[in-house]
Amino acid sequence: MKDYHYSGPVEHKFSPYSFNGGTVLAVAGEDFAIVASDTRLSEGYSIHSRDSPKCYKLTDTTVIGCSGFHGDCLTLTKIIDARLKMYKHSNNKTMTSGAIAAMLSTILYGRRFFPYYVYNIIGGLDEHGKGAVYSFDPVGSYQRDTYKAGGSASAMLQPLLDNQIGFKNMEGVQHVPLTQEKAVQLVKDVFISAAERDVYTGDALRLCIITKEGIKEQTVALRKD
Amino acid sequence: MALEDICGFEDTPLHRKSFPASHFEDTATFFDCYNAEFRGLKKSVRNSGIPLQFFLPTLPNSPLFNQKYRSPFSPYKHLMTVRRPFPLSHGTTTLGFIFQGGVIAAADTRASAGGLVACPAVNKITPIHSHLVVTSSGSGADCMLWERILGREIRLYQLRHRRCLSIRGTAKLLSFMLHPFKGTDVCVALTLCGWDKEAGNTDSSFITDDSSCTVLSSQDVSAMAYPSSSNSGPKLIYVCSDGARLQGDIFSVGSGSPYAYGVLDGRLRWNLSKEEAVSLAREAVFRATHRDAYSGNNVDLFHITAQGWSQRKREELKEEYYRDMERRAKTVEKGKRETVLDALG
């Protein structure tokens, strides 16, 4: 019997990138912001770690969530930390969320020809104390939003958030402003749903709630399969 | 950005670098946008002709890896870009046209990345100064950053020369800044829509009131008598990262532009009133979003006159679509009734 598989030389191209999975979500309220991420670190069919959260605290009022290629996430957060320190030493004040967002945009675009494979979402309080969410694409295009999901399950979560927080595609509903308790519950429910349907999301959920009192963290268990 | 440069702010050697030293920097080259190749371009006194430093990866097969000399041509062309594992945002409908009442700029608000709508509410029309807006099309990040760089250069020009750069000058500046990136996958197609305020002489007298061209605000320009020379008045110029720089009366850019051109070419006249022009622009974008998958969501409209730009409230196209469906249903009904009556009578 003939063999039907290819048996000649095969070229394997080295790719400097790899996809480590994970989902990040941020929601901005009137006087609070929530940044949440799952804690699973995967590669292909394996799980490297069940306890690798993707939210990184930048200042007392800003948290960044980075998902995508874990190597680039680590380097990018180190670079942001260094730039924050430089700013603090030159200007004697901490960077505001909007300033961090603008700076991150130029950092990412400086690597336009060899991008950081990271989907970033910054959540925090702006200078007036209102919640702010800034979402980025891997090369630095950014925008201020009220809510955004990024990472492997983003295509599943974003429509759900559009409906529940943005009241989109619903007729005759009253637009009630989002309270902190409702937002936290919604984020937990949304991640439980994501863990059901996305293989790269699961294990645990890490929530960072940013208010003017500071940053509170919560951990909630998710599906581990 | 601009204020830093004019003050010559560079306190630490690390300040100018986009990121701190890493161990593979000795093999990579940091390249300035404004290299010695561009002699004609005005640079500021300090080294700050550089809008942004770019990191060029040295890949094993690229000529940069083994050579340290700078080629006379743009180094970006020899670049073998690392293949990206993600799609970038693309796809849009933007348009601009000139009529008797000034310039209208309109755009949709959808940013798509591959098949996903990355953001349904993007600003594709950005004001640069009180008499110039830029509509962007192409890759979202490229447009956003290049508009930022353009705004900075215009502001620097205004601070140094105490007058606004003309729209044609702005277009030339932008085109020259984009030229080193020709051949790479930087994809930027901007339409500069604006109003030139002063007389056409290049060695014109300075206007000492430098608040006449306030950046990013639309204050009234107190009655400035401009002679009716061809260098003042409404202007529409298309600049593209391929190197095109075209002045015209009507432009539409993007994946939805053929549909928008169809609507505009049918109904555009010089004598339109402001309301008619606005409604025509909205209709053109609406028809384009209806037929083009990569355009959609809302319409942004800007109107530029001698007094500056003014923005119309962003409109949701869903309402327009339902109204259009109702109108069509009514005409079909009417048609059916008429044929029935004809058949009977």
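Here is a short report on the structure shown in this document. (Residues numbered from 1 in each chain as written. Chains lettered and ligands numbered in written order. Predicted model: local features only at pLDDT ≥ 70, side-chain atom pairs only at ≥ 80, totals over all residues. Heavy atoms only, no water.)

1. Concerning the packing of helix α2 (residues 140–161) of chain B against helix α3 (residues 167–178) of chain B
All names here are of chain B. We apply this condition: Axes here mean lines fitted to C-alpha atoms, for a helix over just the part in contact, with angles spanning 0 to 180 degrees between N-to-C directions. A run of H or I in DSSP counts as a helix once it spans at least four residues, and a run of E counts as a strand once it spans at least two, with each numbered from the N terminus. Any angle from 65 to 115 degrees is called roughly perpendicular, while one under 35 is roughly parallel, one over 145 is roughly antiparallel, and all others are oblique. Here a crossing is taken to be left-handed if its near helix is turned anticlockwise relative to the far helix by less than a right angle, and right-handed if that turn runs clockwise. Only heavy atoms enter the contact rule, under which two residues are in contact if any of them lie within 4.5 Å. Think of it as three bins: nonpolar holds Ala, Val, Leu, Ile, Met, Phe, Trp, Tyr, Cys and Pro, charged holds Asp, Glu, Lys and Arg, and polar takes everything else, Gly as well.
Put simply, α2 and α3 touch, their axes get as near as 11 Å, and they point 125° apart. In terms of their interaxial angle, α2 and α3 are classed as oblique. The hand of the α2/α3 crossing is right-handed. Of α3, the residues touching α2 (which contributes W146, I149, L150, E153 and I154) are T170, L173, L174, M177 and L178. By residue class, the composition of the contact of α2 with α3 is eight nonpolar, one polar and one charged.

2. A look at the pattern of salt bridges
All names here are of chain B. Filter applied, for reference: A carboxyl oxygen of Asp or Glu within 4 Å of a side-chain nitrogen of Lys or Arg is what we treat as a salt bridge. To sort residues, take the accessible area from a 1.4 Å probe on protein chains only and compare it with the maximum for the residue type: under 20% means buried, over 50% means exposed, and anything in between is partly exposed.
Under the defined criterion, the tally for this structure stands at 19 salt bridges over all chains. Ionic pairing is found between R152 and E153, a salt bridge with its closest N-O pair at 3.1 Å. Neither residue differs from the other here; R152 and E153 are each classed as buried. Each of E283, R287, D324, R327 and R328 takes part in salt bridges that share partners, so that together they form one network.

3. Notes on α3(B)
Residue and element names in this part refer to chain B. Here is the rule: By this rule the span expected of a helix is its residue count minus one, scaled by 1.5 Å.
Here α3 spans 17 Å end to end across 12 residues, near enough to the 16 Å set by a 1.5 Å rise per residue. Of all the residues in α3, the buried ones are I167, T170, A171, L173, L174, S175, M177 and L178. The secondary structure elements touched by the buried residues of α3 are β9 (132–138), α2, β10 (188–196), β11 (233–240) and β12 (245–247).

4. As for the sheet that holds strand β12 (residues 214–221) of chain A
All names here are of chain A. The condition is simple: Only strands joined by at least two bridges in the DSSP assignment are considered to pair.
Read across the sheet, five strands follow the order β10-β1-β2-β11-β12 without closing on themselves; strand pairing throughout is antiparallel. Among the strands making up the open sheet, the edge pair consists of β10 (147–151) and β12. Averaged over neighbouring strand pairs, the angle between their axes works out to 15° when direction is ignored. Direction of pairing for strand β2 (residues 33–38) relative to strand β11 (residues 204–211): antiparallel, over a ladder of six bridges. Note on β11: the bridge partner recorded for I34 is I209. Contacting β1 (23–28) and β10, helix α3 (residues 154–164) crosses the sheet at an angle of about 170° to β10. Of the strands in this sheet, β1, β2, β11 and β12 are in contact with helix α4 (residues 180–197), which crosses β11 at around 160°.

5. Quick notes on the pairing of strand β4 (residues 94–99) of chain B
All names here are of chain B. Of all six residues in β4, six are buried; the element is thus mostly enclosed. Burial along β4 is two-sided: T94, G96 and I98 facing one way and L95, F97 and F99 facing the other are all buried. In the sheet, β4 pairs with strand β5 (residues 102–108) via six bridges, with the strands oriented antiparallel. Note on β5: the bridge partner recorded for F99 is G102. Connecting the antiparallel pair β4 and β5 is a turn made up of two residues. Pairing between β4 and strand β13 (residues 250–253): four bridges, direction antiparallel. Each bridged residue has a counterpart across the sheet, and for T94 the counterpart in β13 is V253.

6. Focus: the environment of B:D324
Residue and element names in this part refer to chain B. Convention followed: Whenever two N or O atoms come within 3.5 Å, that pair is a polar contact, provided that in protein one can donate a hydrogen and the other can accept it, and provided that, for residues adjacent in sequence, both atoms are side-chain atoms.
Along the chain, the position of D324 falls in helix α6 (residues 317–344). Given the relative accessible area of 6%, D324 is considered buried. Counting along the chain gives 187 residues from D324 to S137, while the straight-line C-alpha distance between them is 27 Å. Contacts of D324, omitting those with residues within four sequence positions, involve F286 and R287. A polar side-chain atom of D324 sits 3.3 Å from a polar atom in the side chain of R287.

7. Considerations on the side chain of A:T62
Residue and element names in this part refer to chain A. Its place among the elements puts T62 in strand β6 (residues 62–68). Judged by its relative accessible area of 0%, T62 falls in the buried class. In this structure the side chain of T62 is engaged in a polar contact, spanning 3.3 Å, whose partner is the side chain of S97. Apart from residues no more than four positions distant in its own chain, T62 is found in contact with K57, S97, I100, I122, G123, G124 and I215.

8. Quick look at unusual backbone geometry
Excluding glycine, residues mostly carry a negative phi; peptide bonds, for their part, are mostly trans. Residues and elements named next belong to chain A. Within the chain, F167 stands out as a residue other than glycine whose phi angle is a positive 55°. Among the secondary structure elements, F167 is positioned in the loop between α3 and α4. For N169, which is not glycine, the phi dihedral falls at a positive 55°. Mapping N169 onto the fold places it in the loop between α3 and α4. The exposed category is assigned to N169, whose relative accessible area is 68%.

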